[in-house]
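The primary structure of each chain is shown beneath.
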Amino acid sequence: KGDKVMVISLGSVVNLRPWAIDHIMRGVLEVNKTQGLRVLWSLKDEDNNLPDDLDKTIFCVSKWIPQIEALNHPAVVIFFSHMGFGAALEAISSG
């Protein structure tokens, strides 16, 4: 339906602290004011310190996402990643 999607995946090794999750979420919400993005966020259970009032019309958070399939979806316009070797290759191969 014309939605633009941001995929966030910071790798399987990174353990985000609550303040980092908060900063990422607030940054995405700020960008969302002008871009109207929906967000698919791969976030491990132990990192899942998201607020209870998280807007689920914008954010879809899962402990795992099929990253290659997600990146190849035509709605994906932004990939926010740690850009390790595997993620970089997946991003490049997905265009």
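Description of the structure in this document. (Residues numbered from 1 in each chain as written. Predicted model: local features only at pLDDT ≥ 70, side-chain atom pairs only at ≥ 80, totals over all residues. Heavy atoms only, no water.)

Pairing within the open sheet is parallel, and its four strands lie in the order S3-S2-S1-S4. The sheet is open, and its two borders are formed by strand S3 (59–62) and strand S4 (76–81), each paired with just one other strand. On average, each strand axis in the sheet is tilted by 15° relative to the strand beside it, whichever way the strands run. Strand direction decides the pairing type here: strand S1 (residues 4–9) and S4, joined by five bridges, are parallel. Across the sheet, residue Ile-8 finds its bridge partner in S4, namely Phe-80. Packed on one face of the sheet, helix H1 (residues 18–35) meets S1, strand S2 (37–42), S3 and S4 and runs near 155° to S2. (Pairing = 2+ DSSP bridges. Helix = DSSP H or I, 4+ residues; strand = E, 2+ residues; numbered from the N terminus. Axes fitted to C-alpha atoms, helices over the stretch in contact; angles between N-to-C directions. Contact = heavy atoms within 4.5 Å.)

We now examine the packing of aromatic side chains. When we look at a pair of aromatic rings, we describe it by the centre distance and by the angle of the planes. This structure, assessed with the given rule, holds one aromatic pair. On the numbers, 6.2 Å between centres and 40° between planes, the contact of Trp-41 with Phe-59 is tilted. A residue pair is termed long-range when its members are at least 10 positions apart, and Trp-41 in strand S2 and Phe-59 in strand S3 qualify at 18 residues. Since its relative accessible area comes to 0%, Trp-41 is described here as buried. (Phe/Tyr/Trp six-rings, centres within 6.5 Å; stacked < 30°, edge-to-face > 60°. Buried < 20%, exposed > 50% of the residue type's maximum accessible area, 1.4 Å probe, protein only.)

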